[in-house]
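Survey of secondary and tertiary structure
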Amino acid sequence: MGPVLPTLLLILAGVLVGGTWSLHRQGASRGAVVITGLLAALATVGGVLWLLPGEG
């Protein structure tokens, strides 16, 4: 898979961050904003950790 999966995760994180901001600006419920933000953070952390060098 190489660098494709972490790239997709980081793209997904960007989309989720934009979605979180959009939900916040539209006055969505706090739960929806928090869940979307947490998913964005999870995708970001996953993408970054995947790119870190390690045993392989």
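Everything that follows concerns the structure shown earlier in this document.
Computed from a predicted structure; not experimentally measured.

1. Some words on the overall build of the chain
When you go through the chain residue by residue, the secondary structure sums to two helices and zero strands. In terms of C-alpha radius of gyration, the chain reaches 13 Å, well past the compact-globule figure of 10 Å for 56 residues. The dimensions of the chain, computed from C-alpha atoms along their principal axes, are 45 × 15 × 10 Å. Going through the 56 residues of the chain one by one, you find that 16% of them count as buried. With the model as given, the accessible surface of the chain reaches about 4200 Å², and the carbon-plus-sulfur share is 73%.

2. With respect to helix α2 (residues 30-51)
Taking 1.5 Å of rise per residue, 22 residues should cover 32 Å, and α2 covers 32 Å from first to last C-alpha, within 8% of that figure. Among the residues of α2, those classed as buried are Val33, Thr36, Ala40, Ala43 and Gly47. Angularly, the buried residues of α2 cover 95° about the axis, an arc narrow enough to put them on a single face. Pointing more than 90 degrees away from the buried face of α2 are the exposed residues Arg30, Ile35, Leu38, Leu42 and Leu49. Residues of α2 that are buried in the fold lie against α1 (4-26).

Cut-offs used in this document
- Residues numbered from 1 in each chain as written.
- Predicted model: local features only at pLDDT ≥ 70, side-chain atom pairs only at ≥ 80, totals over all residues.
- Heavy atoms only, no water.
- Helix = DSSP H or I, 4+ residues; strand = E, 2+ residues; numbered from the N terminus.
- Rg over C-alpha atoms; globule rule 2.2 N^0.38 Å.
- Buried < 20%, exposed > 50% of the residue type's maximum accessible area, 1.4 Å probe, protein only.
- Areas by Shrake-Rupley, 256 points an atom, 1.4 Å probe, with all protein chains shown as cover.
- Expected span 1.5 Å × (residues − 1).
- Arc of directions from axis to C-beta.
- Contact = heavy atoms within 4.5 Å.

Everything listed here is a matter of geometry and, on its own, says nothing about what the molecule does.
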